[in-house]
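Read off the chains here:
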Amino acid sequence: MQVVCSDAHLAHCPTHEVQGGRSIALHEVPVRAETIRHALRDAGGFVERAPTDHGLAPIEAVHDPDLVAYLAHAWQDWAAACADDEQRAEAIADTYRHAALREGMGPAHPPQSGLGRLGYWCFDTATPMVEGTYGAARSAVDIALTATDLVLSGGHRNAYALCRPPGHHAPRAGIGGYCFFNNAAIAAQHAITAGAARVTVLDVDYHHGNGTQQIFYGRGDVQYVSLHADPDRAYPYFTGFADETGADAGRGATVNVPLPAHCTDDRYLAALDQALDDVLTFDPDLLVVSLGLDTYHGDPIGDFSVTTPGLARCGERVGGAQLPTVVVHEGGYDVATLGANAVAWLSGLLRTTRDG
Ligand code: SP5
Ligand code: ZN
């Protein structure tokens, strides 16, 4: 199996996030991708490839060009506005553009201050930026796009994009949830631009992919199907309910399956089988999987009970759909098991894929 990866992600290395009011060590760290890379090397049968530069056009086909322009100099803006080096180390906003702030007064404009600007674009306290963040996020997009090219025109039945930072929480005009550019959404749109009639994004990260859902909510050509922790108890709290099914031309093309705490392998696989029925009914030309390994029972920020053999069975079910498939990496934070779990899921996919 082709694995697209690079060292560029190493430059995105903030050290802390604010979760539930506490400053804690950041969960989304470089060693996540490195440990998966090494496990795939040890497992054998995985071939590493470098990404190619796709430029800004595929990003701006999905994201607000003003957001893209902001991110290119966000850290410099922040650094210039900071009081001292200690504050400057990592960009985390203190004020967010909450809908109630300007209710009845028209939309806010991006403020001049680098501190204010961050809260204009970012929606949470867990998405710190450092100087190397933009380059790493650009590279993650190129990784997803290169993997997509391998499947669209490179003669490969599937490919794995080992992306970091992840992407599925980033909407058209915002960042959050450790995400800057929505790698999976950009890959899906890239396939449509290249001539695909229909593309499905199947999101199996523990968290709801609010960004991907928002980007395609009104679209009938890109289906979004997600299994995730019920937003009544889990981040991102405001999206991912079962009654969110799409709007306008996208009516019925969004499928949300909220799941309970301690969700077992069997419960998860039953939900996945149903979701795959919806995917096959939609009949996409390409499947993009947003793969999060934070469904694993040992994940520090999840509460599911999915095991390593369970993850292998998940990969088998997805491979059984027999669709050209791009697997785009999202979350998963139990560093000790990430490698084994990635190998399990991807090997499952390969086992059931014909001429994989
Ligand atoms: C890509 C991805 O997986 N992003 C996840 C972002 C989650 N950010 C904040 C999570 C807050 C979770 N609080 C859980 C406490 C568990 N003990
Ligand atoms: Zn997640």
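See the structure shown above.
What counts, and where the lines are drawn
Residues numbered from 1 in each chain as written. Chains lettered and ligands numbered in written order. Predicted model: local features only at pLDDT ≥ 70, side-chain atom pairs only at ≥ 80, totals over all residues. Heavy atoms only, no water. Helix = DSSP H or I, 4+ residues; strand = E, 2+ residues; numbered from the N terminus. Rg over C-alpha atoms; globule rule 2.2 N^0.38 Å. Contact = heavy atoms within 4.5 Å. Areas by Shrake-Rupley, 256 points an atom, 1.4 Å probe, with all protein chains shown as cover. Lys, Arg positive; Asp, Glu negative; His and termini not counted. Charge placed at Lys NZ, Arg CZ, Asp CG, Glu CD. Expected span 1.5 Å × (residues − 1). Buried < 20%, exposed > 50% of the residue type's maximum accessible area, 1.4 Å probe, protein only. Polar contact = N/O pair within 3.5 Å; in protein donor to acceptor, adjacent residues only side chain to side chain. Near = heavy atom within 4 Å. Nonpolar A, V, L, I, M, F, W, Y, C, P; charged D, E, K, R; others polar. Salt bridge = Lys/Arg side-chain N within 4 Å of Asp/Glu carboxyl O. Donors = N, O, S within 2.8 Å, 3.2 Å for Na, K, Ca; no water. Pairing = 2+ DSSP bridges.

Colleague: What am I meant to see in the overall build of the protein here?
Modeller: The secondary structure content of the protein amounts to 11 helices and 10 strands. By the compact-globule yardstick of 21 Å for 356 residues, the protein fits well, its C-alpha radius of gyration being 19 Å. Overall, the protein is about 55 × 45 × 40 Å in size when its C-alpha atoms are taken along their principal axes. Counting only contacts in the protein whose residues sit at least 6 apart along the sequence, the fraction spanning at least 24 positions is 78%. Accessible surface, the protein as shown: approximately 13,700 Å² in total, 53% of it carbon and sulfur. Placing the 22 positive and 43 negative side-chain charges of the protein at their respective mean positions leaves the two points 3 Å apart.

Colleague: Explain helix α10 (residues 308–320) to me, please; I cannot follow it from the model alone.
Modeller: Side chains that are three or four residues apart share a direction in an α-helix, a result of its 3.6 residues per turn. The terminal C-alpha atoms of α10 lie 19 Å apart, and with 13 residues this matches the ideal 18 Å at 1.5 Å per residue to within 8%. Looking only at α10, the buried set comprises G310, L311, A312, C314, G315, V318 and G319. The inward-facing, buried residues of α10 contact β6 (199–203), α9 (265–282), β9 (286–291) and α11 (335–352). A distance of 3.0 Å separates the backbone nitrogen of G310 from a side-chain oxygen at the start of α10, and that oxygen is part of T307. One or two steps after α10, the chain reaches Q322, where phi turns positive at roughly 55 degrees.

Colleague: Even after reading the chapter, I still don't get the site of ligand 1, so can you show me in this structure?
Modeller: Contacts to ligand 1 come from Q19, P166, H168, H169, G177, Y178, D205, H207, Y235, D294, G331 and Y333. The separation between a nitrogen atom of ligand 1 and a polar side-chain atom of Q19 is 3.3 Å. A distance of 3.2 Å is found between an oxygen atom of ligand 1 and a side-chain nitrogen or oxygen belonging to H207. Coverage of ligand 1 by the protein chains reaches 74% of its 520 Å² of free accessible surface. Classifying every residue of the shell around ligand 1 by side-chain character gives four nonpolar, six polar and two charged.

Colleague: What exactly am I supposed to notice about the pattern of salt bridges here?
Modeller: A side chain of one charge can pair with a side chain of the opposite charge if their charged atoms are brought near each other. Considering all chains together, one arrives at 14 salt bridges under this definition. Among the salt bridges present, the one from R37 reaches D7, with a minimum N-O distance of 2.8 Å. Separated by 30 residues along the polypeptide, R37 in helix α1 (residues 30–43) and D7 in the loop between β1 (2–4) and β2 (16–19) bring together distant segments of the chain. Relative accessible area serves as the criterion here: at 11%, R37 is assigned to the buried category. The closest approach of N and O atoms between R219 and D221, which form a salt bridge, is 2.8 Å. Its relative accessible area of 25% is what places R219 among the partly exposed residues. Sharing partners across several salt bridges, the network here consists of D7, E34, R37, R41 and E48.

Colleague: Help me understand the coordination of the zinc ion (ligand 2), please; the structure alone is not making it clear to me.
Modeller: Each pair of donors in an ideal octahedron of six around a metal sits at 90 or 180 degrees, and each pair in an ideal tetrahedron of four sits at 109.5 degrees. Taken together, the protein ligands of the zinc ion (ligand 2) are D205 (OD), D205 (OD), H207 (ND1) and D294 (OD), with distances of 1.9 to 2.8 Å. One chain supplies every donor to the zinc ion (ligand 2), and in sequence these donors are spaced D-x1-H-x86-D. With H207 in the loop between β6 and α8 (210–216) and D294 in the loop between β9 and α10, the pair connects residues that are 87 residues apart, well separated along the chain. Neither H207 nor D294 differs from the other in exposure class; each is buried.

Colleague: Please clarify how the environment of A43 should be interpreted in this entry.
Modeller: Secondary-structure assignment places A43 in helix α1. For the pair formed by A43 and T281, sequence separation is 238 residues and the distance between their alpha carbons is 34 Å.

Colleague: Mind showing me how you'd approach the pairing of β2 here?
Modeller: In the sheet, β2 pairs with strand β3 (residues 22–25) via four bridges, with the strands oriented antiparallel. Within the sheet, the bridge partner assigned to H16 lies in β3 and is A25. Connecting the antiparallel pair β2 and β3 is a turn made up of two residues, with G20 showing a positive phi of about 55 degrees.

Colleague: Is there a simple way to think about unusual backbone geometry in this case?
Modeller: What is expected of a backbone is that most residues other than glycine have negative phi and most peptide bonds are trans. The peptide bond linking R164 to P165 adopts the cis configuration, its omega dihedral lying at 0 degrees. Inspection of the secondary structure puts P165 in the loop between β5 (158–161) and α7 (183–193). A cis amide bond links Y235 to the next residue, P236, at an omega of 10 degrees. Among the structural elements, P236 can be located in the loop between β7 (222–229) and β8 (254–259). A positive phi angle, close to 60 degrees, is found at D283, a residue other than glycine. Secondary-structure assignment places D283 in the loop between α9 and β9. On the basis of relative accessible area, D283 is assigned to the partly exposed category, the value being 47%. Phi at Q322 takes a positive value of approximately 55 degrees, unusual for a residue other than glycine. Its place among the elements puts Q322 in the loop between α10 and β10 (325–329). A relative accessible area of 19% places Q322 in the buried class.

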